[in-house]
Amino acid sequence: LTVRKAEERLQLRQENVQLKKNIRRSGRPQGISAIVHRSAIMRDLLVMVQKAAEVSAPVLITGPTGTGKELVARALQAESPRSDKPFLAVNCSAIPAGLLESELFGHTKGAFTGADRARNGLFGAADGGTLLLDEIGDFPLELQPKLLRVLQEREVRRIGESPPTPVDVRVIAATAKDLKAAVADGSFREDLFYRLAVISVELPALEKRSEDVAVLVETYLPRIAARLKQPVPTMSQEALVKLAKQPWPGNIRELLNVLEKTLVLCREETIG
């Protein structure tokens, strides 16, 4: 068991080193500089993100779907003293409650049927680094007290284990849901909400930062063209004006999908 744990830890370290090499080779900016913006609203928000990155307090990132919440979470990690430590993310709505407990907190061998080997859990794997709990609004109510205890006591008790294990993990939570409304209707614990929202970052919808549309197109159009192995077309001024006036209910994700569809269907040198 000890050898297996050592092997898993070594593998995680090797993967982390390789990922960092790949990022450096890509030549793309990291951290806050990777967040494309031109608007004053985003400039002010990123000043707060920079300040939040310097401490280890929990951060709650809210905002409509497609606004780049995970990108901000990664910027918090990259700008922090934990930048050389693991960054792990889990989508809380994509894993059933029964499996989520083991995924996050780990388990001992034989703790339940099918537990043929011990599992460290994401909190253990992210020790020293950052754990992103995406879609925290869908976190099962029955597991919320256990998460609260980890945040308060900074220790994890794996399933089937009596003594807890100390962990040093910065928790970042993200959601498109209104957690205050969830607290009001009883689907989210009030004490957990305040523990997660020590620092709150609310991302605006793309409609509220329309001046960023042009710089987003300028940045991502060449990347999408490279992925599709197509030449980079020119976006006409008329097209940029039209894009900036769209409501974009799907926000940046929708804009990128439109750009990709346009590159697939439009074979002209200039997009009108």
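The shown structure was predicted, so the numbers you read here are calculated from the model rather than taken from an experiment.

**Notes on the overall build of the chain**
Within the chain, the regular secondary structure consists of eleven helices and nine strands. When its C-alpha atoms are laid out on the principal axes, the chain stretches across 65 × 45 × 35 Å. Here the chain holds 272 residues, and 41% of them are scored as buried. Nonlocal contacts in the chain, meaning residues at least 24 apart in sequence, comprise 75% of its contacts between residues at least 6 apart. The averaged location of the 34 negative side-chain charges in the chain is 5 Å from the averaged location of its 39 positive side-chain charges.

**Digging into unusual backbone geometry**
Here glutamate 135, not a glycine, exhibits a phi torsion of approximately 55°, which is positive. Note that glutamate 135 resides in the loop between strand E3 (130-134) and helix H6 (144-153). We classify glutamate 135 as partly exposed; its relative accessible area is 24%. A positive phi is found at arginine 154, a non-glycine position, where the angle reads about 55°. A residue is classified by how much of its surface remains accessible, and arginine 154, at 40% relative accessible area, is partly exposed.

**Some points on the packing of helix H9 (residues 213-228) against helix H10 (residues 237-244)**
Here H9 crosses H10 at 120°, and the two axes come no closer than 9 Å. If you check the angle between H9 and H10, you find them oblique. Remark: the crossing between H9 and H10 carries right-handed chirality. Contact with H9, carried on its side by Val213, Ala214 and Val217, involves Leu240, Leu243 and Ala244 of H10 and no other residues of that element.

**Considering the confidence of the model for the chain**
On average, residues of the chain score 90 in pLDDT, and 92% of them reach the 70 mark or higher. Strand E1 (residues 59-62) holds the highest mean pLDDT among the elements of the chain, 98, whereas helix H1 (residues 2-26) holds the lowest, 73.

**Focus on the pattern of salt bridges**
A side chain with one charge may pair with a side chain of the opposite charge, provided their charged atoms come close. Taken as a whole and judged by the stated rule, the model has nine salt bridges. Between aspartate 168 and arginine 154 there is a salt bridge, with its nearest N and O atoms 2.7 Å apart. With aspartate 168 in the loop between strand E5 (165-166) and strand E6 (170-175) and arginine 154 in the loop between H6 and strand E4 (155-156), this residue pair connects regions lying 14 residues apart in the sequence. We classify aspartate 168 as partly exposed; its relative accessible area is 31%. Among the salt bridges present, the one from arginine 189 reaches aspartate 191, with a minimum N-O distance of 2.7 Å. Beyond isolated ion pairs, a larger network of salt bridges with shared partners links Arg82, Arg154 and Asp168.

**Thoughts on the environment of glycine 137**
By secondary structure assignment, the location of glycine 137 is in the loop between E3 and H6. Distance in space between the C-alpha atoms of glycine 137 and cysteine 92 is 8.2 Å, their sequence separation being 45 residues. In contact with glycine 137, other than residues within four places in its own chain, are Thr175, Lys177 and Leu179.

**Describing the packing of H9 against helix H11 (residues 251-265)**
One can describe the packing of H9 onto H11 by two numbers: an axis separation of 10 Å at closest approach and a directional angle of 50°. Between H9 and H11, the crossing angle belongs to the class labelled oblique. Here H9 and H11 pass one another in a crossing that is right-handed. Where H9 abuts H11, its residues Val213, Leu216, Val217, Tyr220, Leu221, Ile224, Ala225, Arg227 and Leu228 lie against Ile252, Leu255, Leu256, Leu259, Glu260, Leu263 and Val264.

**Examining the nonpolar core**
Counting residues in hydrophobic clusters, the biggest one holds 30 residues, and the most contacted among them are Leu104, Phe123, Leu133, Ile136 and Leu147. Where this core is concerned, the elements lending two or more residues are helix H4 (97-105), helix H5 (121-125), E3, H6, E6, helix H7 (179-184) and helix H8 (190-196). Ranked by the residues each element gives to this core, the list is headed by H6, at four residues. Formed by 21 residues, the second largest nonpolar core is a distinct cluster that contains Ile35, Met42, Val49 and Val201.

**Here we look at the packing of aromatic side chains**
Per the stated rule, a full pass over the model turns up two aromatic pairs. On the basis of an interplanar angle of 5° and a centroid distance of 5.7 Å, the ring pair of phenylalanine 105 and phenylalanine 123 is categorised as stacked. You can see phenylalanine 105 sitting in helix H4 and its partner phenylalanine 123 sitting in helix H5, a full 18 residues away along the chain. Arranged with centres 5.1 Å apart and planes meeting at 65°, the rings of phenylalanine 193 and tyrosine 194 form a pair that is edge-to-face. Seen from the ring of tyrosine 220, arginine 223 lies directly overhead, with NZ or CZ sitting 5.0 Å from the centre.

Criteria and thresholds
- Residues numbered from 1 in each chain as written.
- Predicted model: local features only at pLDDT ≥ 70, side-chain atom pairs only at ≥ 80, totals over all residues.
- Heavy atoms only, no water.
- Helix = DSSP H or I, 4+ residues; strand = E, 2+ residues; numbered from the N terminus.
- Buried < 20%, exposed > 50% of the residue type's maximum accessible area, 1.4 Å probe, protein only.
- Contact = heavy atoms within 4.5 Å.
- Lys, Arg positive; Asp, Glu negative; His and termini not counted.
- Charge placed at Lys NZ, Arg CZ, Asp CG, Glu CD.
- Axes fitted to C-alpha atoms, helices over the stretch in contact; angles between N-to-C directions.
- Parallel < 35°, antiparallel > 145°, perpendicular 65-115°, else oblique.
- Left-handed = near helix turned anticlockwise from the far one by under 90°.
- pLDDT = per-residue confidence, 0-100.
- Salt bridge = Lys/Arg side-chain N within 4 Å of Asp/Glu carboxyl O.
- Core = buried A, V, L, I, M, F, W, Y, C linked by side-chain atoms within 4.5 Å.
- Phe/Tyr/Trp six-rings, centres within 6.5 Å; stacked < 30°, edge-to-face > 60°.
- Lys NZ or Arg CZ within 6 Å of the ring centre and 35° of its normal.

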